[in-house]
Protein chains: 2
Amino acid sequence: MSNITTEQMRFWSPSVRELEPYVPGEQPKIQNLLKLNTNENPYPPSPKVVAAVQAVLVDSADALRLYPDPDATALKQAIAKQQHVEVSHVFVGNGSDEVLAHIFKAFFVQDKPILYPDITYSFYPVYSQFFEISTQTKILPLNDDFEINVEDYKQPNGGIIITNPNAPTSIALGLEAIEQVLLANPDSVVVIDEAYVDFGAISAVNLVEKYDNLVVCQTTSKSRSLAGLRVGFAIAQPHLIAALEAVKNSFNSYPIDRFAIAAAVASFEDQEYFEAQCQKVIETREKLTADLEEIGFKVLPSKANFIFASLASKDAAELAKQLRERGIIVRYFNKPRINQFLRITIGTDAQNQRLVDTLKNDILV
Amino acid sequence: MSNITTEQMRFWSPSVRELEPYVPGEQPKIQNLLKLNTNENPYPPSPKVVAAVQAVLVDSADALRLYPDPDATALKQAIAKQQHVEVSHVFVGNGSDEVLAHIFKAFFVQDKPILYPDITYSFYPVYSQFFEISTQTKILPLNDDFEINVEDYKQPNGGIIITNPNAPTSIALGLEAIEQVLLANPDSVVVIDEAYVDFGAISAVNLVEKYDNLVVCQTTSKSRSLAGLRVGFAIAQPHLIAALEAVKNSFNSYPIDRFAIAAAVASFEDQEYFEAQCQKVIETREKLTADLEEIGFKVLPSKANFIFASLASKDAAELAKQLRERGIIVRYFNKPRINQFLRITIGTDAQNQRLVDTLKNDILV
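Residues numbered from 1 in each chain as written. Chains lettered and ligands numbered in written order. Predicted model: local features only at pLDDT ≥ 70, side-chain atom pairs only at ≥ 80, totals over all residues. Heavy atoms only, no water.

(A) Inspection of the UniProt feature "domain: Aminotransferase class I/classII large" (unreviewed entry) in chain A at higher detail. Annotation from UniProt places "domain: Aminotransferase class I/classII large" (unreviewed entry) at residues 32–359 of chain A. With 37% helix and 16% strand, the stretch residues 32–359 of chain A has end C-alpha atoms that lie 17 Å from each other. (UniProt positions renumbered as here; feature names shortened; annotations may be inferred. Helix = DSSP H or I, 4+ residues; strand = E, 2+ residues; numbered from the N terminus.)

(B) Representation of helix 10 (residues 271–294) of chain A in the model. Residue and element names in this part refer to chain A. Taking 1.5 Å of rise per residue, the 24 residues of helix 10 would be expected to cover 34 Å, and the 35 Å separating its terminal C-alpha atoms lies within 8% of that figure. Among all positions of helix 10, only Tyr273, Phe274, Gln277, Cys278, Val281, Ile282, Thr284, Arg285, Leu288, Thr289, Asp291 and Leu292 are buried. In this structure, the buried residues of helix 10 make contact with helix 3 (47–60), helix 4 (73–83), strand 9 (297–299), strand 10 (306–311), strand 12 (341–345) and helix 12 (349–363). Where helix 10 ends, the next residue or the one after it, Gly296, has phi of about 105°, a positive value. (Expected span 1.5 Å × (residues − 1). Buried < 20%, exposed > 50% of the residue type's maximum accessible area, 1.4 Å probe, protein only. Contact = heavy atoms within 4.5 Å.)

(C) Structural view of the domain arrangement of chain A. Residues and elements named next belong to chain A. Looking at the assigned domains, one finds that chain A contains domain 1 (25–45 + 272–363) and domain 2 (48–269). The distance between the C-alpha centroids of domain 1 and domain 2 comes to 25 Å. Every contact between the two is made by 26 residues of domain 1 and, on the other side, 29 residues of domain 2. In this assembly, domain 1 packs against domain 2 so that about 2,200 Å² is buried in total across both faces, 63% of it on carbon and sulfur atoms. Broken down residue by residue, the surface that domain 1 buries against domain 2 is led by Phe274, Lys303 and Arg337, which jointly contribute 31%. For the interface between domain 1 and domain 2, the tally reads one salt bridge. A salt bridge links Asp118 to Arg337, with the shortest nitrogen-to-oxygen separation between them at 2.7 Å. (Domains from an automatic or database assignment. Buried area = accessible area lost by both parts, 1.4 Å probe. Salt bridge = Lys/Arg side-chain N within 4 Å of Asp/Glu carboxyl O.)

(D) Focus on the pairing of strand 5 (residues 159–163) of chain B. Residue and element names in this part refer to chain B. Among the five residues of strand 5, five are classified as buried, and the element is accordingly described as predominantly covered. A two-sided burial pattern is seen for strand 5, the buried positions comprising Gly159, Ile161 and Thr163 on one face and Ile160 and Ile162 on the other. Pairing of strand 3 (residues 114–117) with strand 5, which is carried by two bridges, proceeds in the parallel orientation. By the bridge assignment for strand 5, Ile114 is matched with Gly159. Relative to strand 6 (residues 190–193), strand 5 is paired through four bridges, and the arrangement is parallel. Residue pairing in the sheet places Thr163 in a bridge with Asp193 of strand 6. One crossover worth recording links strand 5 to the parallel strand 6 by way of helix 7 (residues 175–184), and it is right-handed. (Pairing = 2+ DSSP bridges. Right-handed = clockwise from strand over helix to strand, strands pointing away.)

(E) Region of the structure containing the UniProt feature "modified residue: N6-(pyridoxal phosphate)lysine" (unreviewed entry) in chain A. Feature annotation in UniProt assigns "modified residue: N6-(pyridoxal phosphate)lysine" (unreviewed entry) to the following positions: Lys222 of chain A. Relative to the helices and strands, Lys222 of chain A is located in the loop between strand 7 (214–219) and strand 8 (232–236). By relative accessible area, which is 7% here, Lys222 of chain A ends up buried. Setting aside chain neighbours within four positions, we find Lys222 of chain A in contact with Thr38, Asn39, Asn41, Ala195, Tyr196, Phe199 and Asn305 of chain A together with Tyr67 of chain B.

(F) Focus on the interface of chain A and chain B. Counting residues at the interface gives 88 residues for chain A and 88 residues for chain B. Carbon and sulfur atoms supply 59% of the area that chain A and chain B bury against each other, a total of about 7,400 Å² over both sides. When the buried surface of chain A facing chain B is broken down by residue, Phe11, Tyr67 and Phe251 of chain A rank first, second and third, together holding 12% of it. For the interface between chain A and chain B, the tally reads four salt bridges. Between Arg10 of chain A and Asp187 of chain B there is a salt bridge whose closest N-O contact spans 2.7 Å.

Shown next as structure tokens:
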């Protein structure tokens, strides 16, 4: 925005002049690039997803002229079935980022501060600024092992959001700890952002019936290999879903298109494929972790489809740069406490091997 | 929301408790229904759209696991080419409703009131409430012929939005009038919402180079038969596009999915099909208008893919009800000044004939 004059800035809403937008991991178009920077799944989506989109083209291409179902009922039904909840407990949106934005608007615009950890998904402070609640935000440091201290979440607040497993640390929080937070905050909404939960952590969805203040948010982008589609969802009791629907219907009536609905439904219906792919990622993660530890990395215990790793002998920014020069991109955050770590997405075995070989035989020799 | 208790409501953000969400036209699943209620195009999209999605499935289904281009550059390029503007002048979003929401946030959250007509797209007051600027909104009555009085828009304001052609009136405003509004408001953003412009009105896109305060918003949902896809766009000078990008990147980094990008690109590249379909709708509209006038309707002069019509001899709500009982749905707004009108989407000749026959031989006998 540096080339915009002060005079031109008069057109912007004053609050928008202050925004510091989220910066997504880059999506470069480089040949033979090994892209381990945005936590995408290394495996393709279920073949049934492709077949479902094919069926839309064959059976109902004409229907593209018609609006999609504004409630995406077929999708809510497929999610409800797979998650073992009632359809009335499901909210869907255009990627979990949109779902999270609606969550901030629906629950967190309060007089009391919202609480989240110092190291977490970097979109949260952006939403806070967007909805003008930054000054009411209380950021709570993780402990030295990058774990949440549950006691911190027992103070007056207007809402809590916890990523589980956390990003970019990859560390999972147990359900017992989450229940403690829920019990300590009967008048606040507690959001558990489970973008990475399917890679070995335990979901809080089973707690939704028990706690009227719990919202669980998930996405199809990671464990279902559908980042290209933009489908996220939230599970909660109907009085919370209703707030999300009120927000959604005050912003965009039809957020999910016909292809995305059909494709995501097919994905939720193919449980077997889903479980097999997640298991592959988990196994590959364990191997990569061992390989990196062998060449001197410290790797945090991951329950996600990425690892968070550091090397005492080498500056992380420099390491990221050298990997990049060799066609491998990982995510580096130039932020306090984590500026000596790299966030590395789990690739296929062959991709991980290329990473390990490059480190071992080229960069760290 | 009536079944939510006051106690449960404590979880909602106070401002969200007051929201009155937009109510989209219904999308019922009834056999043999004639759906003339949501201004969808009666013709399918270009065959090249279907081919483009097919190509995604064949060539790059694996890429569904990867995020789409967050900037949707290919789509911006296709729009820029078709609209004869620079790529830097294009903003894209998940349907024009999302683009409009971002426009309200980017420009209209001001100390001074925003201005729009009393009869216009009913989502505007919803956005105003969403972004908490309702109290700063000044609603200006159209004249007795449902036309805008340009002089009304020469008062202090924090932004102006005009639908052209207007909805649900279908009446177009000339570029001269729009230029008067632009010239009278050098310090406010003037938004021209052109959802229906391709059916015979004149676009203000050609004025974008001349006016640094103009934003033109369009959609692929109507004239490109892609309501099922959710792609909208705005054209403006780069200092205004930058505000929209800042808002978008503070809300959702990847709003348009891979299928929607590919399909919309193909649509913008098929200018010939686009022009032919628009021309068909225009011709059919003129015939339907004449037929309805013949059986006693007053029809406002339409430049849209719908008409706004009233019948002195019959209550409009009752007429909508009777049409519905015969499998034909049109849009009825129970609002002051327009509660004796029906908004009727232009169908194919055969569909319009069914409407006229039903009125002539069944309802009005």
